[in-house]
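Observations on chain architecture
Each chain, written out:
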Amino acid sequence: MSARLPLLLRGLRRPGRPPGPPLRPPAPARASGGGGGCGGGEGLLGQRRLRDAQVGSSRGQGSRAPPVRGSIVREVIQNSKEVLSLLQEKNPTFKPVLAIIQAGDDNLMQEINQNLAEEAGLNITHICLPPDSSEDEIIDEILKINEDTRVHGLALQISESSFSNKVLNALKPEKDVDGVTDINLGRLVRGDAHECYVSPVARAVIELLEKSGVNLDGKKILIIGAHGSLEAALQCLFQRRGSMTMTSQWKTPHLQSKLLESDIVVLGSPKPEEIPLSWIQPGTTVLNCSHDFLSGKLGCGSLGVHFNGLIAEDDVSLLAAALRIQNMVSSGRRWLREQQHARWRLHCLKLQPLSPVPRITPTPLGEGKSTVTVGLVQALTAHLNINSFACLRQPSQGPTFGVKGGAAGGGYAQVIPMEEFNLHLTGDIHAITAANNLLAAAIDTRILHENTQTDKALYNRLVPSVNGVREFSSIQLARLKKLGINKTDPSALTEEEVSKFARLNIDPSTITWQRVLDTNDRFLRKMTIGQAPTEKGYSRQAQFDIAVASEIMAVLALTDSLADMKERLGRMVVASDKDGQPVTAEDLGVTGALTVLMKDAIKPNLMQTLEGTPVFVHAGPFANIAHGNSSVLADKIALKLVGEEGFVVTEAGFGADIGMEKFFNIKCRASGLVPNAVVLVATVRALKMHGGGPSVTAGVPLKREYTEENIQLVADGCCNLQKQIQIAQLFGVPVIVALNVFKTDTRAEIDLVCELAKRAGAFDAVPCYHWSIGGKGTVELARAVREAASKGSRFRFLYDVQLPIVEKIRTIAQAVYGAKDIELSPEAQSKIDRYTQQGFGNLPICMAKTHLSLSHQPDKKGVPRDFILPISDVRASIGAGFIYPLVGTMSTMPGLPTRPCFYDIDLDTETEQVKGLF
């Protein structure tokens, strides 16, 4: 095929949704045993707001400052509310969540925090632990909150003895709104207060003093009984304001003389009984910021009666609570800013291209789609400094060892390490093979057991008594519910219900689920299974498909979460029962096991290009058989990582008639993503073939028509490229043609292709030299892509899924392939009738068709016209979510050629280097 394409996605295209995962309502407070409280508090906040406190003047002034506390708290909360409102204007669903881990039953501060948070517009979630919780138990809760993306701030309401370095530094610094971690303290001490969270308690002390008119410059400050982060933060903030700061513990010698010398005394812990009040000189400003405020114990308020200056009893704790809310809003703002993603500071690798390039040229059966994808992202990121991600498909070992070779790109536009890319990688395809074949085994085994056992014996084996207890598993309870049997006691079912539950009554002639293997083995295309005497005469015809054609691969590519994958796996239809109703993987009880086998395969694989730009490799190829696109998950993660101004180049298989059509009509429906542009890959060599050139065979030298200039062949073959452009335009997306230049192409041939492509309606057509010089050779393509994407697309689907199955197939055949009409075999018509009756008629279509021609006949090049497209069979991939017609003699198991690629693949046993894998 002359044109193959990666598709381009830019930014997150879901209007009204903030970057990053959506915030759900915070989890409800949970309480553990052992007397942990987290009750409702005493309702004192409203009273305290109205009772503005006064802070005494520094020594020698003898006057009282105006009321400050209530006004300061209101100012802080109002400011936080306004900032949050501005953030929510652009991100309507954003609402920061403050988590408070409390170990104890003192609940005064809980209500204060709750009321202030509600006033500012935040959510709070309390995690309540017993008072005697161990260090490890507290850390365990902290680590959970660290990983909870809904939570943007974490505060600890625990006893003084629990504030160990191990506990404090378990907090993520970006969620440490109390400024207790070493990282936040270090930034404060270094002078980077704008990059850290400062202790709300220390800030409250400073705010109260300054708002009360106290000039801190030159004042003697004594901090008594403070420890750790509070002591360090107070010292730092006072010293920044020119104060002379001393610290002391209550048991320190000469404490009395230090107190007498001090202008301001800050109490960091409760005063011991043995320290007399007379040691503090009247008129001294005293502030109480005892750590006990966190647990609701506001400390030694009785001291105030001895001085002209009043002690700020609960002023510090209340203002600190308000400042913590302010820190929370700052945390949310930082989080939102991080989701926007500035340009990456990516250290790209420098290429030193050699000439000639020490690699073979692309194979006759590949036009360089993967190579262009890699070259494009290398150009975007390494040369234009634009965030970009490539999302490629994982190659099947069938073609790797068969006719095609590797699929990691080529020349200086490759994914590395290419050996890992082409061989196993992380085993995703093996996991699919294992899951697929487990389900196949379950089908035949269930038929055997139902054919050889009575209802009672079958039921007793399905629901056995274990240690005297007989109960349904969760998946069996789900089956009972599906059958309308609202019973949970296995002994309560009637004989009719037992039979209904135990027997699936699968009709063997309707089984559509095949076994798979990731090897091109043509002799498995049709076989007989069950011939051993142990199978008691039960045998049937079956077949193997290539592993990447498994519906489980399609499920993997289209899912967006583990839960969604599990649901999709469960609803995969494997056959019909004798009443014509669908039988699913869920009915066979295998859904959970399939999910377990696939739990790691759902994670995209991160690799890199030769120039060090990032690549996700996930899901499989074969757009001629399956839908053949990289995964929705890889696309969505990549979109989040590149940011709104970045690009994701996601790979679709083969030409616009196959991979792109399936990308738009299947993948875009499933994901909700909208592409900004299509990059259509063409080669002079392929266009000559479509213009009437001689056939090309893998491993056979190219005829001279392909190695020498032949303008007429190129001109004649451009009809295929023009048709491919027109197909893309059916969907309203701008098309950029990337001409993958080979060393035998002449300037006249290159110019002709680009000119005819533009005449056909391409946004631009650009010669690309990435194979020989890397991303530098695709910079002009990258610029064209950026410009086309900025114009926006008017994307639309080709058909309405509500149309009958036959009409959807006909629409694709006529509008995309150019067929006159379709012709259904009796088997295909029977399958369509069955799937429609079973309620599956409203699914999109995934055509299985040769990639070598727009028609069903591989040797029909150019733009065939007025042909009838034969549909030989129709299958249903209900879990993946599409109907799967087979066009003509399309096989779902490729074969090996006379001289497979494995002749050239070897391993150097000394260096363990793989050789011959391209």
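Once a new chain begins, its residue numbering starts again from 1 and follows that chain's sequence as written. With the structure being a predicted model, the display of local features is reserved for residues of pLDDT at least 70 and the display and counting of side-chain atom pairs for 80 or more, all residues being used for whole-chain, interface and lining totals. Neither water nor hydrogens contribute to the side-chain values; these are computed over all heavy atoms in the structure.

**Overview of the confidence of the model for the chain**
Threshold: What pLDDT conveys is the predictor's confidence in a given residue, as a value from 0 to 100. What counts as a helix is a DSSP run of H or I of at least four residues, what counts as a strand is a run of E of at least two, and both are numbered from the N terminus. By definition, residues are in contact when any of their heavy atoms lie within 4.5 Å.
Mean pLDDT for the chain: 84, with 87% of residues reaching 70 or above. Between the elements of the chain, mean pLDDT differs from a low of 28, seen in helix α1 (residues 45–50), to a high of 97, seen in strand β26 (residues 764–768). Within the model, the stretch residues 10–37 combines pLDDT values under 50 with 72 contacts to residues more than four positions away or in other chains. In the predicted structure, residues 360–364 sits below a pLDDT of 50 and forms 13 contacts with residues beyond four places in sequence or in another chain.

**Describing the packing of helix α6 (residues 182–190) against helix α8 (residues 228–240)**
We count it as follows: Note on definitions: angles span 0 to 180 degrees between N-to-C directions of axes, and those axes are lines fitted to C-alpha atoms, for helices only across the stretch in contact. In what follows, roughly perpendicular refers to angles from 65 to 115 degrees, roughly parallel to angles under 35, roughly antiparallel to angles over 145, and oblique to any angle outside these ranges. For any pair of crossing helices, the crossing counts as left-handed if the nearer helix is rotated counterclockwise from the farther one by less than a right angle, and right-handed if it is rotated clockwise. Think of it as three bins: nonpolar holds Ala, Val, Leu, Ile, Met, Phe, Trp, Tyr, Cys and Pro, charged holds Asp, Glu, Lys and Arg, and polar takes everything else, Gly as well.
Across the interface, α6 lies against α8 with an axial gap of 10 Å and an inter-helix angle of 15°. Between α6 and α8, the interaxial angle falls into the category roughly parallel. Remark: the crossing between α6 and α8 carries left-handed chirality. In contact with L185, L188, V189 and R190 of α6, α8 contributes S229, A232, A233, C236, L237 and R240. Of the residues assigned to the contact of α6 with α8, the class counts are 7 nonpolar, 1 polar and 2 charged.

**A look at the sheet that holds strand β27 (residues 821–824)**
This is how it is decided: Here, any two strands with at least 2 DSSP bridges between them count as paired.
Strand order in the open sheet made by the 3 strands is β27-β28-β29, with mixed pairing throughout. Two strands lie at the open edges of the sheet, namely β27 and β29 (882–887), each paired on one side alone. Here the average twist between neighbouring strands, direction ignored, is 50°. Summarising the sheet, strand β28 (residues 868–877) and β29 pair through 6 bridges and their orientation is antiparallel. If you follow D873 over to β29, its bridge partner there is L886. On top of the sheet, helix α29 (residues 805–817) reaches β27, β28 and β29; it is set at about 135° to β27, its chief contact.

**Quick word on the pairing of strand β24 (residues 677–682)**
Here is the key point about a regular strand: its side chains alternate between the two faces of the sheet. Filter applied, for reference: Think of it in three bands: residues with accessible area under 20% of the maximum for their type are buried, residues over 50% are exposed, and the middle band is partly exposed, with areas taken using a 1.4 Å probe on protein chains only.
For β24, a buried count of 6 out of 6 residues is recorded, marking the element as mostly surrounded by other parts of the structure. The sheet contact formed by β24 and strand β25 (residues 735–740) spans 5 bridges and is parallel. Each bridged residue has a counterpart across the sheet, and for V679 the counterpart in β25 is I736.

**Digging into the nonpolar core**
Selection criterion: What is meant by a nonpolar core is a set of buried Ala, Val, Leu, Ile, Met, Phe, Trp, Tyr and Cys residues, joined one to another through side-chain atoms within 4.5 Å.
Of all hydrophobic cores here, the largest spans 62 residues; its most connected members are F664, L721, M847, L869 and I883. In terms of residue count, the dominant contributor to this core is α29 (7 residues). Among the nonpolar cores identified, the runner-up in size contains 57 residues, and L116, V198, L216 and A322 belong to it.

**Structural notes on the environment of P885**
Among the structural elements, P885 can be located in strand β29. Along the primary structure P885 and D873 are separated by 12 residues, whereas in three dimensions their C-alpha atoms are 5.8 Å apart.

**Topic: the packing of helix α18 (residues 551–558) against helix α19 (residues 562–570)**
In a packed pair of helices, the relevant descriptors are the angle between the two axes and the axis-to-axis distance. Where α18 meets α19, the axes come as close as 10 Å, and the angle between the chain directions of the two elements is 150°. Here α18 lies roughly antiparallel to α19, going by the angle between them. Judged by the sense of rotation from one axis to the other, the crossing of α18 with α19 is right-handed. Counting all contacts with α18, which are made through I552, V555 and L558, the residues of α19 involved are D564, M565, R568 and L569. Looking at the contact of α18 with α19 residue by residue, the classes come out as 5 nonpolar, no polar and 2 charged.

**A closer look at α8**
Heads up, the condition is: Expected span of a helix: the number of residues minus one, times 1.5 Å.
For α8, which comprises 13 residues, the first-to-last C-alpha distance of 19 Å matches the rise-based estimate of 18 Å (1.5 Å per residue) to within 8%. Within the span of α8, buried status applies to S229, L230, E231, A233, L234, C236, L237 and F238. Elements in contact with the buried residues of α8: α6, α7 (200–211), β6 (220–224), β7 (244–248) and β8 (264–267). Residue G242 follows α8 closely and has a positive phi angle near 80°.

**A look at the environment of G646**
Along the polypeptide, G646 turns up in the loop between α21 (632–642) and β23 (647–651). Assessed through its relative accessible area of 1%, G646 is described here as buried. Linking G646 and R343, residues 303 residues apart in sequence, is a C-alpha distance of 8.3 Å.

**Focus: the packing of aromatic side chains**
Stated precisely, the cut-off is as follows: Aromatic pairing here means that ring centres of Phe, Tyr or Trp (its six-membered ring) are within 6.5 Å. Orientation follows from the plane angle: under 30 degrees is stacked, over 60 is edge-to-face, and everything else is tilted.
Counted by the stated rule, this structure contains 10 aromatic pairs. An angle of 45° between the planes, with centres 4.6 Å apart, marks the rings of F664 and F731 as tilted. Within this pair, whereas F664 is found in helix α22 (residues 656–671), its partner F731 is found in the loop between α25 (711–729) and β25, the two being separated by 67 residues in sequence. Here the two residues F664 and F731 agree in accessibility, since each one is buried.

**Topic: a nonpolar patch on the surface**
What counts, and what does not: To count toward a patch, a residue needs a relative accessible area above 30% and no salt bridge. Like charges then connect within 9 Å, nonpolar side chains (Val, Leu, Ile, Met, Phe, Trp, Tyr) within 5 Å. Shrake-Rupley sampling with a 1.4 Å probe provides the accessible areas, and residues are treated as covered by the protein chains on show and by no other component. Note on definitions: salt bridges are taken to be side-chain nitrogens of Lys or Arg within 4 Å of carboxyl oxygens of Asp or Glu.
Judged by side-chain polarity, L896, F902 and Y903 come together as a nonpolar surface patch covering roughly 310 Å² of accessible area. Relative to the elements of secondary structure, Y903 occurs in the loop between β29 and β30 (906–907). Residue Y903 is classed as exposed on the basis of its relative accessible area, which comes to 54%.

**A few points about the state of the cysteines**
Going by this rule: The definition used for a disulfide is geometric: two cysteine sulfur atoms within 2.5 Å.
The tally for this structure, following the rule as stated, stands at 0 disulfides. Between C754, a cysteine without a disulfide, and C768, which holds the nearest cysteine sulfur, the sulfur-to-sulfur distance is 8.5 Å. A relative accessible area of 9% means that C754 is categorised as buried.

**Details of the sheet that holds β8**
Overall, parallel pairing links the 4 strands, which are arranged β7-β6-β8-β9 in an open sheet. The two strands at the open ends of the sheet, each matched to only one other strand, are β7 and β9 (285–288). The sheet shows a mean angle of 20° between the axes of neighbouring strands, direction not considered. The pairing of β6 with β8 spans 4 bridges and is parallel. Across the sheet, residue L222 finds its bridge partner in β8, namely V265. Docked against the sheet, α8 engages β6, β7 and β8, running at close to 165° with respect to β7.

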